[in-house]
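# Working through the structure, step by step
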Amino acid sequence: MDIAQCYLEGNADAVEFCPHDSCHNVLAASTYTLLEGGQPSRHGSIFLFNVDVDLGHLDMVYSEKTSGIFDIKWNPCGGHASPSLAQADADGYLRIKMLEGGCNGVEGAYLKEMTSEKISNSMCLYLDWNPSATSITVGLSDGSVSIVSLLESKLEIQEEWKAHDFELWTTSFDIHQPNLVYTGSDDCKFSCWDLRDSPPNMVFQTSEVHKMGVCCIEKSPHDPNILLTGSYDEFLRVWDLRSISKPVNETSIRLGGGVWRVKHHPFIPGLVLAACMHNGFAIVAIKGDKAEIVETYKKHDSLAYGADWQKGEANQRGEKTKPLVATCSFYDKLIRVWRPGNDIIL
């Protein structure tokens, strides 16, 4: 069921619902536009929306022009952390912006830059927070990965090493063992690193499984043994990490498009949202060693890049409601907010 849509200025590449209490109606979106010519330049913007499901509105409440943005992520909930958005920029900067001005009504909400740091002369392609929101792992276009600490509103590079031969499209902390970091690259390799060593020690690396570049890696928040990878080769792969030195019981499902992003549902185990580049969006149910597509969404006319579930608790008013989804597509500059129609998704 379609709720609302909005066209942006610039190519839409990421959407993220705020996970913090009282801010679940806040949706952030980012763009990346390459202006070609003698001196190519990369421009972007960041936006905040208020998602009003009852009225079917997607109201833009804030926008800001920036360098081209490849990725954005809200900080995890926990402790007394205020909602903050990290952005990975094409100019090599990592920026942290705090949400100010209210959440519930959202009117007057804006992003205030807390800190920024030039991480690299290469482009920042992807980022992920550790569970305590004290460190960020950043994937770089030269194949390096950077671990950046955030302490007292100051960014500082802790570690940086050459992890892959080509663009490092994805990197993520293991949310159950935050000393482990995963990386995936255009070199088709999927790796795991232990941050307790300096430089970090490689725990494992697979180079035979993915037939094309690795685009995304997501650890399940519900099962410490399950991890997902998505690849340009169109497969979503489910890994069992109980043998961490060599992942076993790999399950895969072909989604018919390069799997650019995957998002676990925040409270429904095994339910995964995937952005499939040339084949729209898919919702996949994973149970044991089986994975099946339960719904597809093809109302975008361009590259399916950004996707996210709305955060929050299940059945807050004692009602069974289907989860809310935001998706965005690149060249048509479109954001859509919708609810899955399949009755299995409750």
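Just so you know, these numbers come straight off a predicted model, no measurement behind them.

### Quick notes on the overall build of the protein
Scanning the protein for helices and strands turns up 0 helices and 29 strands. In summary, the protein has a C-alpha radius of gyration of 19 Å against a globular reference of 20 Å for 346 residues, a match within 12%. Structurally, the protein occupies a C-alpha span of about 50 × 45 × 45 Å along its principal axes. Residues counted as buried form 59% of the 346 residues belonging to the protein. Summarising the internal contacts of the protein: among those between residues at least 6 apart in sequence, 48% fall at separations of at least 24. Summing over all exposed atoms, the protein offers an accessible surface of approximately 14400 Å²; the carbon and sulfur share of this is 46%. In the protein, which carries 30 positive and 46 negative side-chain charges, the distance between the mean positions of the two groups comes to 4 Å.

### Structural notes on the sheet that holds strand β1 (residues 2–7)
Read from one edge to the other, the open sheet built from 4 strands follows the order β1-β29-β28-β27, with strand pairing classed as antiparallel. In this open sheet, the two strands that pair with only one neighbour each are β1 and β27 (304–309). The mean inter-strand angle of the sheet, taken between neighbouring strand axes irrespective of direction, is 15°. As paired elements, strand β28 (residues 325–329) and strand β29 (residues 334–338) share 5 bridges and run antiparallel to each other. Counted as the bridge partner of Thr-327 is Arg-336 from β29.

### A short note on the UniProt feature "repeat: WD" (unreviewed entry) in the protein
Those residues carrying the UniProt feature "repeat: WD" (unreviewed entry) are residues 207–243 in this numbering. For residues 207–243, the end-to-end C-alpha separation is 17 Å, with 0% helix and 49% strand making up the annotated structure.

### Side note on the environment of Leu-94
Within the secondary structure, Leu-94 sits in strand β9 (residues 93–100). When its relative accessible area of 0% is taken as the criterion, Leu-94 is described as buried.

### Here we look at the sheet that holds strand β26 (residues 290–297)
In spatial order, the strands read β23-β24-β25-β26; together these 4 strands make up an open sheet with antiparallel pairing. Strands with a single pairing partner mark the edges of an open sheet, and in this sheet they are β23 (261–264) and β26. Sheet twist, expressed as the mean angle between neighbouring strand axes with direction ignored, is 25°. Note: strand β24 (residues 271–275) against strand β25 (residues 281–287), 5 bridges, orientation antiparallel. Looking at the pairing, Ala-275 lines up with Phe-281 of β25.

### Re the nonpolar core
Residues Leu-8, Leu-27, Phe-49, Leu-58, Ile-335 and Val-337 are the most contacted members of the largest nonpolar core, which totals 18 residues. Of all the elements in the fold, those that place two or more residues in this core are β1, β2 (12–17), β3 (26–31), β5 (41–52), β28 and β29. Setting aside anything within four residues of it in sequence, one finds Val-337 in contact with Asp-2, Ile-3, Ala-4, Leu-27, Val-51, Leu-58, Leu-324, Val-325 and Ala-326. Val-26, Ala-28, Val-61 and Leu-85 belong to the second-largest nonpolar core, a separate cluster that totals 16 residues.

### A look at the packing of aromatic side chains
Tallied over the entire structure, the rule returns 13 aromatic pairs. Measuring from centroid to centroid gives 6.1 Å for Tyr-232 and Trp-260, while their planes differ by 40°, and the two rings are tilted. A residue pair is termed long-range when its members are at least 10 positions apart, and Tyr-232 in the loop between β20 (226–231) and β21 (235–240) and Trp-260 in the loop between β22 (248–254) and β23 qualify at 28 residues. Connected via pairs of aromatic rings, a cluster forms that spans Trp-169, Tyr-232, Trp-260, Tyr-305, Phe-330 and Tyr-331. Above the face of the Tyr-126 ring, Lys-73 is positioned so that its terminal group lies 4.0 Å from the ring centre. Of note, Arg-95 hangs over the ring of Tyr-93, and the distance from its end group to the ring centre comes to 4.5 Å.

### Structural notes on the side chain of Thr-171
Note on placement: Thr-171 falls in strand β15 (residues 170–173). Accessibility expressed as a relative area gives 0% for Thr-171, which makes it buried. A distance of 2.8 Å separates polar atoms of two side chains, one belonging to Thr-171 and the other to Thr-137. Only 3.0 Å separates the side chain of Thr-171 from the backbone oxygen of Tyr-182, close enough to count as a polar contact. Every residue in contact with Thr-171, bar those within four places of it in the chain, is listed here: Tyr-126, Asp-128, Thr-137, Val-138, Gly-139, Val-145, Val-181, Tyr-182 and Thr-183.

### Re the pattern of salt bridges
Pairing between side chains of opposite charge can happen when the charged atoms of each approach one another. On inspection of all chains with the given rule, the structure shows 17 salt bridges. Residues Arg-336 and Asp-2 are paired through a salt bridge, measuring 4.0 Å at the closest nitrogen-oxygen approach. Of this pair, Arg-336 sits in strand β29 while Asp-2 is found in strand β1, placing the two residues 334 residues apart along the sequence. Residue Arg-95 pairs with Glu-113 through a salt bridge whose shortest N-O separation is 3.9 Å. Linking Arg-95 in strand β9 with Glu-113 in strand β10 (residues 110–118), this pair joins segments that are 18 residues apart in sequence. On the accessibility criterion, Glu-113 (37% relative accessible area) is partly exposed. Among the charged side chains, a network of salt bridges with common partners joins Glu-16, Lys-263, Asp-308 and Lys-311.

What counts as what
- Position numbers for residues count from 1 along each chain, tracking the sequence in the order it is written.
- It should be noted that, the model being predicted, local features are given only for residues of pLDDT at least 70 and side-chain atom pairs only at 80 or more, the latter also being counted only at that level, while totals for whole chains, interfaces and linings use all residues.
- Note: side-chain values were computed over all heavy atoms of the structure, leaving out hydrogens and water.
- Strands are runs of DSSP state E lasting at least two residues, helices are runs of H or I lasting at least four, and both sets are numbered from the N terminus onward.
- Here the radius of gyration uses the C-alpha set of atoms, whereas the globule reference equals 2.2 Å times the residue count to the power 0.38.
- Accessible area is worked out with a 1.4 Å probe on protein chains only. A residue is then buried under 20% of its type maximum, exposed over 50%, and partly exposed in between.
- Contacts: residue pairs with any heavy atoms within 4.5 Å of one another.
- Accessible surface is estimated by sampling points in the Shrake-Rupley manner with a 1.4 Å probe; for residues, cover comes only from the protein chains shown.
- Charge counting treats Lys and Arg as positive and Asp and Glu as negative, with His and both chain ends excluded.
- A charge is said to be at NZ when it belongs to Lys, at CZ for Arg, at CG for Asp and at CD for Glu.
- The criterion for strand pairing is that DSSP finds at least two bridges linking the strands in question.
- To get an axis, fit a line to the C-alpha atoms, keeping to the stretch in contact for a helix; angles then go from 0 to 180 degrees between the N-to-C directions.
- UniProt positions are given in the numbering used here, feature names are shortened, and annotations may be inferred rather than shown by experiment.
- What we call a nonpolar core is a set of buried Ala, Val, Leu, Ile, Met, Phe, Trp, Tyr and Cys residues that are connected through their side-chain atoms within 4.5 Å.
- Working definition: rings of Phe, Tyr and Trp (its six-membered ring) pair if their centres are within 6.5 Å, and the pair is stacked with planes under 30 degrees apart, edge-to-face with planes over 60 apart, and tilted otherwise.
- A ring has a charge above it when a Lys NZ or an Arg CZ is no more than 6 Å from the ring centre and no more than 35 degrees off the ring normal.
- Counted as a polar contact is a pair of N or O atoms within 3.5 Å, where, for protein atoms, one must be capable of donating a hydrogen and the other of accepting one, and residues adjacent in sequence contribute only when both atoms are in side chains.
- Put simply, a salt bridge is a Lys or Arg side-chain nitrogen that is within 4 Å of an Asp or Glu carboxyl oxygen.

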